[in-house]
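Examination of the molecular architecture
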Amino acid sequence: MIKKPINVILDGDPGHDDAIAWVVAKASSDFNILACTAVNGNCSAAKAAYNSQRICALIGLDVPIAKGQDKPLVIESLKAPTNIHGESGLDGPELPLPKRELEDLTAVELMIKVLEEAKEKVTIVATGPLTNVGALLLVRPDLKEKIHQISIMGGGIKHGNWTAAAEFNILIDPDSADIVFGSGLPILMSGLDVTEKALVTPKDVEKIKKIDNPVADIVWQWLEFFYQFHVSIGYPGAPIHDLCAVLALNHPEIFTMQKMYVEVETASEYCKGATIGDINNIAGKKPNATVLMDVDREKFIEYMIEAIKSYSEGN
Ligand code: BDR
Ligand code: CA
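Just so it is clear, the model here is predicted, and its values are computed rather than measured. (Residues numbered from 1 in each chain as written. Chains lettered and ligands numbered in written order. Predicted model: local features only at pLDDT ≥ 70, side-chain atom pairs only at ≥ 80, totals over all residues. Heavy atoms only, no water.)

Let us look at the sheet that holds strand S4 (residues 122-126). Taking strand neighbours across the sheet as the criterion, the eight strands line up as S3-S2-S1-S4-S5-S6-S12-S9 in an open arrangement whose pairing is mixed. In this open sheet, the two edge strands, each paired with only one partner strand, are strand S3 (65-67) and strand S9 (255-260). When strand polarity is set aside, the average angle formed by the axes of neighbouring strands in this sheet is 20°. Relative to S3, strand S2 (residues 31-38) runs parallel, the two sharing three bridges. For cysteine 36, the partnering residue across the bridge sits in S3 and is isoleucine 65. Together, strand S1 (6-12), S2, S4 and strand S5 (147-153) form the strand contacts of helix H5 (residues 131-139), whose direction differs from that of S5 by roughly 150°. Against the sheet, helix H11 (residues 241-250) touches S1, S2, S4, S5, strand S6 (187-190), S9 and strand S12 (289-295), its axis set at about 145° to S5. (Pairing = 2+ DSSP bridges. Helix = DSSP H or I, 4+ residues; strand = E, 2+ residues; numbered from the N terminus. Axes fitted to C-alpha atoms, helices over the stretch in contact; angles between N-to-C directions. Contact = heavy atoms within 4.5 Å.)

Structure representation (C-alpha cells):
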C-alpha cells in the first residue's frame, strides 16, 4: 500500500541540527512540506529566516518561507552563545544564496494561511523555541482542528542542557511551550532523553564525506562544526536533536516512546523551562504527550545517510 505523505510545516531556528532535519524531511516522499517558518532561538528570527532561505536553496525546497517571532511571548530572550551554531546561527560552509524571497507575511500569518487552505490536517514540526506555534494557538485556537499533531524537539524528562532542569528551546520561551502542551493537541516530544542518544560520530561523518553530491558536501561540514563544539564540552558525539522530531513521524519504530502527562514550569527560580513528565503516572492525569525516550542509533544514522545519498539522484 502506498503511504500518503504527511503534510508538514517546518518551524525552526536553523541551526545545524534544524538544517539537517530539513535536509532529511525534503529527501523523503513521506512528507509533503507546505512551508518553512523561522523563529528566534539559536540566532535572531531574521538570521534564522535567512538561513532557512539558504537551506531551501541548497536542497531545492521551493515552498513559502516566513520570518517569525523576534522574541518570546512574555519574557525577554536569552542570547544563545555563538560557539554552538556560530554568529550566523549556521556557521561553517558557504551556502547557496536564497532562491526564493521571504513571504510578506509573518510566520504566524503564513501558518494560518497554510492551515486554512489545507484540505487535510497538517503536522507542525517545531525544532526551535515554541513562540510561533504558541502565538498561532493563541490567536487562532479554532485552527486546532486543522492540526494533526505537533512534533517538537524540546525539553527533557530527566535533565536539562541549559540549566540543570531546562532544555534550551523550552527555556527560551516557557510560556509558549506551556500553551502548546496545554493545547489538547497530540504532542510528540523529542526531548534530551532521546536526542542526546541520537549521536553522530566521526566515523559517520567520514561516510557522509564520501557521498558525492553538493548536499552531502555541506552536511559533513555542518556536522564537523557541531561535533567540535559538543566534544569540547564532553559529549561523545554530536547530538542531532532536531532530526528526531522528523524521524519520529516516518520511522517511529526506531524509537522507544512513552505516553505521559507533561507540564512546563514557567516561573520558578531554579526550574523555569523544565518539562515535568509524570513518568510513573503519579497524578493519574490523562497523558498529553508521547515522549521519545530512546533510539536505535544505528538505524537513525542509516536513515540520515540514506536521505543525504538521495540528493545524488537529483532529489
Ligand atoms: C536544541 O537547541 C538548539 O541548539 C538545537 O537546534 C536544538 O533544537 C537542543 O537543546
Ligand atoms: Ca533547533
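Packed helices, taken two at a time, are described by the angle between their axes plus the distance between the axes. Remark: helix H4 (residues 107-117) packs on H5, axes separated minimally by 9 Å, with the N-to-C direction vectors making an angle of 60°. Comparing their axes, H5 and H4 come out oblique. For H4 against H5, the interelement crossing comes out right-handed. Listed contacts from H5 to Ala107, Val108, Met111, Ile112 and Leu115 of H4 are Asn132, Val133, Ala135, Leu136 and Val139. (Parallel < 35°, antiparallel > 145°, perpendicular 65-115°, else oblique. Left-handed = near helix turned anticlockwise from the far one by under 90°.)

Our next topic: the coordination of the calcium ion (ligand 2). Listed as protein donors to the calcium ion (ligand 2) are Asp13 (OD), Asp18 (OD), Asp18 (OD), Thr127 (O) and Asp242 (OD); their distances from the metal cover 2.3 to 2.6 Å. Read in sequence order, the donor residues for the calcium ion (ligand 2) give the motif D-x4-D-x108-T-x114-D. Considered together, aspartate 13 and aspartate 18 belong to a single accessibility category, that of buried residues. (Donors = N, O, S within 2.8 Å, 3.2 Å for Na, K, Ca; no water. Buried < 20%, exposed > 50% of the residue type's maximum accessible area, 1.4 Å probe, protein only.)

Attention shifts here to a negative patch on the surface. A contiguous patch of negative charge on the surface is contributed by Asp294, Asp296, Glu302 and Glu306. Position of glutamate 302 among the secondary structure elements: in helix H12 (residues 297-309). On the basis of relative accessible area, glutamate 302 is assigned to the partly exposed category, the value being 45%. (Patch = residues over 30% accessible without salt bridge, like charges linked within 9 Å, V, L, I, M, F, W, Y side chains within 5 Å. Areas by Shrake-Rupley, 256 points an atom, 1.4 Å probe, with all protein chains shown as cover. Salt bridge = Lys/Arg side-chain N within 4 Å of Asp/Glu carboxyl O. Lys, Arg positive; Asp, Glu negative; His and termini not counted. Charge placed at Lys NZ, Arg CZ, Asp CG, Glu CD.)

The next thing to look at is a positive patch on the surface. A cluster of basic side chains, namely Lys203, Lys207, Lys210 and Lys309, defines a positive patch on the protein surface. By the element assignment, lysine 309 lies in helix H12. For lysine 309, a relative accessible area of 45% puts it in the partly exposed group.

On to the nonpolar core. Trp222, Phe255, Phe300 and Met304 are the most contacted members of the largest nonpolar core, which totals 62 residues. In this structure phenylalanine 255 touches Val194, Cys244, Leu247, Ala248, Leu292, Asp294, Val295 and Phe300, once residues within four positions along its chain are discounted. Among the nonpolar cores identified, the runner-up in size contains 37 residues, and Ile124, Ile150, Met260 and Val264 belong to it. (Core = buried A, V, L, I, M, F, W, Y, C linked by side-chain atoms within 4.5 Å.)

The next thing to look at is H5. Burial of H5 is extensive: seven of the nine residues sit out of reach of the surface. Regarding H5, the residues found buried are Thr131, Asn132, Val133, Gly134, Ala135, Leu136 and Leu137. Check the buried side of H5 and you find it contacts S1, S2, H4, S4, S5 and helix H7 (174-181).

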